[in-house]
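The primary structure of each chain is shown beneath.
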Amino acid sequence: MRAGPLLLPTLVALVTSSSLGAAAAPAVAAEGPAPAAAAARARRAAAPVVAPRPGAVVRAHRVRIRVRSGDAAGALRVRLNGVPVGADFGASRGGVRTLVTSVSHGLRRGRNVLRVTVLHSGRPPRSTTVRFTVRTRRALTGAGRDRRVAIGATAPMTGSAHGLPRASRPSARWRVVAGPGVRRTPAGRSRTRARSAQRSLANGLPLAALTPPLLASPAGLAASFRPVVPGRYTLRLTSGSGAARSSDEVTLTAVPRTPLVPIDTMAALTGDGRGIRVGEMTYRLRDAQGAPQSTAVPALQVVVLDRDTLSPISNKAYGSSQRAIPELKALHDDEQLVIVSLQAGDASTSGDFETIEQGLAGLGFPAGRLPIRPGSFSGVGVPGMEPGEADVSVVPFSTDTGRIATYGRMQGYLSPDQHLNYGFVPSERVPFRYVAPESPCGPGASCAGSVGFRVLVQDWKTLKPARGGDGIVYQTGRPGLSAAQQSAEAQSMVRNLAAVEDGNLVIVQAVSTRSGAGYLPPIGEIDRATMTALARTIAGFGGTRNAFNRIARTTGPAAGGGSTYTLVGWKDAGEGEAAEVAANVDGAGPAPALSGVLRPDRESRFRPAEVSATSRPSADPTALASLVMQEPTGEWPLSDPRHAAAIAYIGGTLPQLGSDPRTAYWTQSFTQSDTNALIRDVTNTAYRANDRFSAGEFVEARDQLVLELGLVGKVRSYLSKLQQPFSEGQLSQWVTAQTVADRVLEDAENPDDEVTLSWLELTAQVLELLGPATEEVTGVLGGLLDIGMWGYGATKSGGPSEGEMRVHADAFGKALVDRAEQAKVTIDRMGDVIVGDYAKLAVVGRYGSCVDCPARYAYLALDGRDMSRNRAQIDRGVQRLAYQKLLPLGFPVMALTRVGRHNDWPRSTAPDVRDYVCNGYQPWKDYAGNASTSLLQELDPAGRVNAYDTFVMSRPPGIATGHGTPPSNELLELIFGAERLGMDPGAFMAAARHRTWFSSEDRERTACFWLR
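Report on the accompanying structure. (Residues numbered from 1 in each chain as written. Predicted model: local features only at pLDDT ≥ 70, side-chain atom pairs only at ≥ 80, totals over all residues. Heavy atoms only, no water.)

Our next topic: the nonpolar core. One finds Val-278, Leu-300, Ile-356, Phe-377, Leu-414 and Leu-624 to be the most contacted residues of the largest nonpolar core, which totals 116 residues. Summarising the domain contributions, this core has at least three residues from each of domain 2 (261-426) and domain 4 (641-720). Discounting residues that sit within four places of it in the chain, Leu-300 has contacts with Lys-316, Ala-317, Tyr-318, Ala-324, Leu-328, Val-340, Ser-341, Leu-342, Phe-353, Ile-356 and Phe-377. Membership of the second largest hydrophobic core comes to 47 residues, among which are Phe-453, Val-508, Phe-541 and Leu-936. (Core = buried A, V, L, I, M, F, W, Y, C linked by side-chain atoms within 4.5 Å. Buried < 20%, exposed > 50% of the residue type's maximum accessible area, 1.4 Å probe, protein only. Domains from an automatic or database assignment. Contact = heavy atoms within 4.5 Å.)

Structure representation (structure tokens):
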């Protein structure tokens, strides 16, 4: 029987047995005959709040709150007596997050009200209210809320002491009890400098790395604190005396002044300057523990930093693998960031590092890629990473110091990810755009008289022209050439592509000459064997044989300029893995275009990303992402000493801003409502006469701060609108994916199957959907989603999250919602980058959500209609991805044999699946439409005798049936209909995991054949 309709409801609630399992179990137990006490324990086990218990009496001046919740951003909302404190909770341990609260968090004597809401992906939120009582004779002392501050900025410390006699208040005192440059003594007091300096030298760190912080006016409830170097600092406020004495601690996380911290793994190639530079600090090789005596000797330098702050931990050097491997294997703390660089020495000298891979595998370095002869490499990893997850750059073999400097070196940024841990983000991004009718031969160049393919080979690290093709045009279809000459051109193209160096980029574009109303096909009458070899070569660079063969004899339209095919690939990419567009293939039009960026991958090799087949030259989906990743200028208006003093004074009157408001813009993550309130406070700040700045300079500084705060608020508002498809109120549309899963899995052969899920696959679907009405706004969002998860989406343990993960099919929707929530946070992190750099802040703050935008900033336009389009396109992308991954579980994609009645059967046209016979049956004799497809895998331009791979979607055969069952016509129309999801049947079935009608390919070839 045929499958029933599989239509999606618009929005549905995500309720599956897998997602409710943990919460449902206690309820089931409570319904049974268990004693009341057991039922009560079950209810407590399911309650979000672990402590304090309802009705508890706490006899302390601080209260520890423990809540069952995951670490996902926004998953936990907590209010204590109306004060929001959810963001202050620590990381989850055993599924429980903890916060020690004081009067700074809203705690008070007597009755307290705690309201908790825990959000779970795809499930209704769980809310509860707990009332408890605080009874203590001690003062309720509060040191403030934990927060991030920038090094060099003075942070106002404002404490609280409730229940303390007025005469005792002067006894309150601040003390720095932990942090870089601070050492605890047995008496509990802190000392700075001397012994810390000794440890610094022992670990190979410069003395500047242990500069102690400055604490001013420690007596009293108000003080000021200025960290000089990054790190976590703990300050304790103690108030009262005798029985009323109490204290509270606050942690200030001091981070670099900008969210993009420059890194250079080879600060100098030779001499005493060799080392690793992070921000303004250079960790010199000569200062490292175990450094070589001679600058001519290569050495492996390893710098370990704290991932949360970039505070230095150690700087060591090794002259051989034997010494390095044991210590590298001993690195287990995933809260550390490890920077490794094989610093080259004299080119004639090589160190003993043949087995170093054994020590670096646990830091995420790739297997089989590190040099075993003179060469070099750099990498940034985290202990516990899987091989291949670290960011590296490798020179496998070279004695050329210039090549080592170029290829083994890594330059870019360390930037906070979604968990506020620093990770490596490459600084290089090179946009590309191939749009008809621009000449494929380059700006101002002409391909007049040429018909064939232009090939450009670019170096994987520098993008300079490389061996194998500097814009060579192969005349595979040029009129006037004989078939033999055209075949020779194609053979030359195959040979030269085969000689391309591993990893190098290759751009292949069709070129042609006008003939009548159109352009000549790029392939002429070349022989079948040569054409087959050429198509396979293209597939080896990430293209597809089907797309390349289909445009080979296609006449290009007049508007297309003869460019019917473009490939941006690389050697050994694997078929279909690169960026490719072909006329009238996979949804492309007759004059296709291709755009995106080239950016370094995990091994620093330039690869295409953020790719879209956009048809309008004005659309640039990568524009905002490229702006985010531009090198920061570091320049702000009114930065001269007198205006800077006025700005510091104004900011110092407001604890939220501090003495350096420009760093607070990103460390405090202000919302637009926050900046509006700050604008009012700044406007009301009065001038006090002094000799550091005049009244006029004060007014100018105040006006500039008001302007900047307004821009910060507008940036956050604009990004919030872009995030709307991932906000709590919109996530219901993401569960469409689970609806697909539930319906498909009802009839799946193996509902426990796993599927792969990659966030980049979703962004690819979104970018593929760009149309004339949605290109700018949806393209900008798609580009941000791509770079956000790639650059800022690291997992809590430091591993990349943009790659593939395996999930059970019935948990697909939940996994996708989890990734959507992560995407929202990564956009916040990119917002930090924007507001932390005035050049970016001025652009996005002024033009974000603009209506009549200048053409240069049209990509920042965003109104209600644009937001609706974003939601619709994201929803379509989710559905497309869900069907691509899940439908083959219910309707596997069968790969049919090419065998004819007597032998392999080349043909001039694609076969008809109704002519396929297996054991006397015709399994698909009633099939029609998009339930099957054929890919043109071998083309014979001269004889028109081709070979196809044919696929069909069908439920497997039953015990007593030899006929297949396709998806319903309604479902096929939903997936492949041009006005619905618009997926291409060929691409859909080619991407699926294939099986055969019978149990094996051998049996299929024996039992099945084509009638004609």
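This part is about the packing of helix α8 (residues 528-540) against helix α9 (residues 545-552). Between α8 and α9, whose axes approach to 8 Å, the crossing angle comes to 135°. Overall, the two elements α8 and α9 adopt an arrangement that is oblique. Seen from above, α8 lies across α9 with right-handed handedness. Between α8, through Met-531, Leu-534, Ala-535, Arg-536, Ile-538 and Ala-539, and α9, the contact on the second element is made entirely by Arg-545, Phe-548, Asn-549 and Ala-552. (Axes fitted to C-alpha atoms, helices over the stretch in contact; angles between N-to-C directions. Helix = DSSP H or I, 4+ residues; strand = E, 2+ residues; numbered from the N terminus. Parallel < 35°, antiparallel > 145°, perpendicular 65-115°, else oblique. Left-handed = near helix turned anticlockwise from the far one by under 90°.)

This part is about the pattern of salt bridges. Pairing between side chains of opposite charge can happen when the charged atoms of each approach one another. Enumeration over the complete set of coordinates arrives at 33 salt bridges. Residue Arg-605 pairs with Asp-601 through a salt bridge whose shortest N-O separation is 3.1 Å. The class of Asp-601 is buried, set by a relative accessible area of 19%. Here Arg-898 ties to Asp-949 by a salt bridge, and the two come within 2.9 Å at their closest N and O atoms. One end of the pair, Arg-898, is in the loop between β43 (893-895) and β44 (916-918); the other, Asp-949, is in strand β46 (residues 947-953), and 51 residues separate them in sequence. Connected through salt bridges with shared partners, the residues Arg-528, Arg-536, Arg-898, Glu-938 and Asp-949 form a single ionic network. (Salt bridge = Lys/Arg side-chain N within 4 Å of Asp/Glu carboxyl O.)

Taken together, the four strands give an open sheet; going across it, the order is β10-β19-β18-β13, and neighbouring strands pair in mixed fashion. The sheet is open, and its two edges are formed by β10 (147-150) and β13 (173-178), each paired on a single side. For this sheet, the mean angle separating the axes of adjacent strands, direction not counted, is 35°. Relative to strand β18 (residues 231-239), β13 runs antiparallel, the two being bridged by five bridges. If you follow Arg-173 over to β18, its bridge partner there is Thr-238. (Pairing = 2+ DSSP bridges.)

Attention shifts here to unusual backbone geometry. With omega at 0°, the peptide bond leading from Ala-51 into Pro-52 counts as cis. The topology assignment puts Pro-52 in the loop between β1 (49-51) and β2 (57-58). Residues other than glycine seldom take positive phi values, yet Leu-463 does so here, at roughly 65°. Following the sequence through the fold, Leu-463 ends up in the loop between β31 (452-458) and β32 (465-474). Leu-463 gets classed as buried once you look at its relative accessible area, which sits at 13%. Even without being a glycine, Ser-604 presents a positive backbone phi close to 65°. Within the secondary structure, Ser-604 sits in the loop between β39 (594-600) and β40 (606-612).

Before going further, it helps to examine the sheet that holds strand β34 (residues 514-515). A sheet is described by the order of its strands in space; here three strands give the open sequence β34-β35-β36, paired in antiparallel fashion. The open sheet has two edge strands, β34 and β36 (556-557), and neither has a second partner. Where β34 and strand β35 (residues 518-519) come together, two bridges link them in antiparallel fashion. For Arg-514, the partnering residue across the bridge sits in β35 and is Tyr-519.

Its twelve residues give helix α13 (residues 672-683) an end-to-end C-alpha distance of 16 Å, which sits within 8% of 16 Å, the value for a rise of 1.5 Å per residue. When α13 is considered as a whole, its buried residues turn out to be Thr-675, Leu-678, Ile-679 and Val-682. Buried residues along α13 cover an arc of 110° about the axis, so they all sit on one side. Across from the buried face of α13, at angles greater than 90 degrees, the exposed residues are Ser-673 and Arg-680. (Expected span 1.5 Å × (residues − 1). Arc of directions from axis to C-beta.)

The subject of this paragraph is the environment of Leu-252. Mapped onto the secondary structure, Leu-252 falls in strand β19 (residues 246-255). Residue class for Leu-252 comes out buried when judged on its relative accessible area of 0%. As a C-alpha pair, Leu-252 and Ala-150 span 102 residues in sequence and 9.6 Å in three-dimensional space.

So, on to the state of the cysteines. Inspection of every chain in the model, using the stated rule, returns two disulfides. With a sulfur-sulfur separation of 1.7 Å, Cys-850 is cross-linked through a disulfide to Cys-853. Classification of the bridge connecting Cys-850 and Cys-853 rests on its S-S torsion, roughly 110°, and on that basis the disulfide is right-handed. Its relative accessible area of 14% is what places Cys-850 among the buried residues. Here Cys-918 engages in a disulfide with Cys-1008; their sulfurs sit 2.0 Å apart. (Disulfide = S-S within 2.5 Å.)

In total, this model carries 19 aromatic pairs according to the counting rule given. Aromatic side chains Tyr-687 and Phe-698 sit 5.5 Å apart centroid to centroid with 55° between the ring planes, which places their arrangement in the tilted category. One end of the pair, Tyr-687, is in the loop between α13 and α14 (695-722); the other, Phe-698, is in helix α14, and eleven residues separate them in sequence. Three or more aromatic residues joined by ring pairs form one cluster here, namely Tyr-916, Trp-924, Tyr-927, Trp-997 and Trp-1010. Its guanidinium or amino end placed over the ring of Trp-790, Arg-599 lies 4.0 Å from that ring's centre, counting from NZ or CZ. (Phe/Tyr/Trp six-rings, centres within 6.5 Å; stacked < 30°, edge-to-face > 60°. Lys NZ or Arg CZ within 6 Å of the ring centre and 35° of its normal.)

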